[in-house]
Amino acid sequence: AVAAEDIRNATGYYVGGIGYNPFERTAGTIVSNVHTLSMVRNSSAWLEGLTALACPAAKLVGADDTRKRMNRGVRGMLRLLSPKNVWPYYQRIVRDVYCRTLPDLISTLIFYNCLVGMLMLPVLAVTLDVDLKRMVAYKSGHSAFELSEEESEEEDEGWEGHAKSSATYTHVAPTHPRSHRRASDEPTRTFLA
């Protein structure tokens, strides 16, 4: 819930210029923690000197340098989070891409999908009709030419250019080993689409 509220506040701050920037509040918390750490370190500097007597490597820690680097990092983060740095990304990604380019591309996609559908649907219907007639003719033992002649007499007397039967070939498909094959086995007709 806190993250959603922070995102809403950040959106209001960067887009509308209203409210506060939650990222600045987070950076302020980091600066406060670094400052507190620095104060604790300053108040315990005598302990660091005492520790250096027992462990010479303790002098190499460099707490002041670490604190300075952390403060520089936070200042750099705040500089990058300023609206003048964030706005160009918002302008390019949200305004240009999502509000202008994407709707144009989607409308073009819808147009071409409708166009291809209107062209291909009749082709698909004719192809399906021809293939189904061939399959029915094959299953019923007639040639596609004979079946289409019978149908054409019923449907339309003057139509020319019936689909001819597709190519067929003959082969023997044994259902048992060749040694048990009988001479009376007849060849099987196979339909090629």
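Summarised in this report is the structure supplied together with it. (Residues numbered from 1 in each chain as written. Predicted model: local features only at pLDDT ≥ 70, side-chain atom pairs only at ≥ 80, totals over all residues. Heavy atoms only, no water.)

1. Focus: the packing of helix H1 (residues 2-16) against helix H2 (residues 22-43)
In step 1: Where H1 meets H2, the axes come as close as 8 Å, and the angle between the chain directions of the two elements is 115°. Relative to H2, the element H1 is oriented roughly perpendicular. Contacts between H1 and H2 pair Asp6, Asn9, Ala10, Tyr13 and Tyr14 from the former with Pro22, Phe23 and Glu24 from the latter.
In step 2: Among the residues making up the contact of H1 with H2, the classes are represented as five nonpolar, one polar and two charged. (Axes fitted to C-alpha atoms, helices over the stretch in contact; angles between N-to-C directions. Helix = DSSP H or I, 4+ residues; strand = E, 2+ residues; numbered from the N terminus. Parallel < 35°, antiparallel > 145°, perpendicular 65-115°, else oblique. Contact = heavy atoms within 4.5 Å. Nonpolar A, V, L, I, M, F, W, Y, C, P; charged D, E, K, R; others polar.)

2. Looking at the pattern of salt bridges
In step 1: Counting across every chain of the model gives two salt bridges.
In step 2: Where Arg100 meets Asp96, a salt bridge forms, and the shortest distance between an N and an O atom there is 2.6 Å. Placement of the pair is Arg100 and Asp96 together in helix H5 (residues 83-140), with a separation of four residues, close to one helical turn.
In step 3: On the accessibility criterion, Arg100 (48% relative accessible area) is partly exposed. (Salt bridge = Lys/Arg side-chain N within 4 Å of Asp/Glu carboxyl O. Buried < 20%, exposed > 50% of the residue type's maximum accessible area, 1.4 Å probe, protein only.)

3. A short note on the packing of H1 against H5
In step 1: At a closest axis distance of 10 Å, the pairing of H1 and H5 adopts a crossing angle of 90°. In terms of axis orientation, H1 runs roughly perpendicular to H5. Each of Tyr13, Tyr14 and Val15 in H1 lies in contact with H5, whose residues at this interface are Pro83, Val86, Trp87 and Tyr90.
In step 2: Across the contact of H1 with H5, the residue classes tally to seven nonpolar, no polar and no charged.

4. Things to note about the packing of aromatic side chains
In step 1: By the definition in use, this model includes three aromatic pairs.
In step 2: Ring centres 5.0 Å apart and planes at 45° place the aromatic pair Trp87 and Tyr90 in the tilted group. In this pair, Trp87 and Tyr90 both sit in helix H5, three residues apart, roughly one turn of the helix.
In step 3: With 5.3 Å between their ring centres and 65° between their planes, Phe111 and Tyr112 make a pair best called edge-to-face.
In step 4: For Tyr112, a relative accessible area of 47% gives the class partly exposed. (Phe/Tyr/Trp six-rings, centres within 6.5 Å; stacked < 30°, edge-to-face > 60°.)

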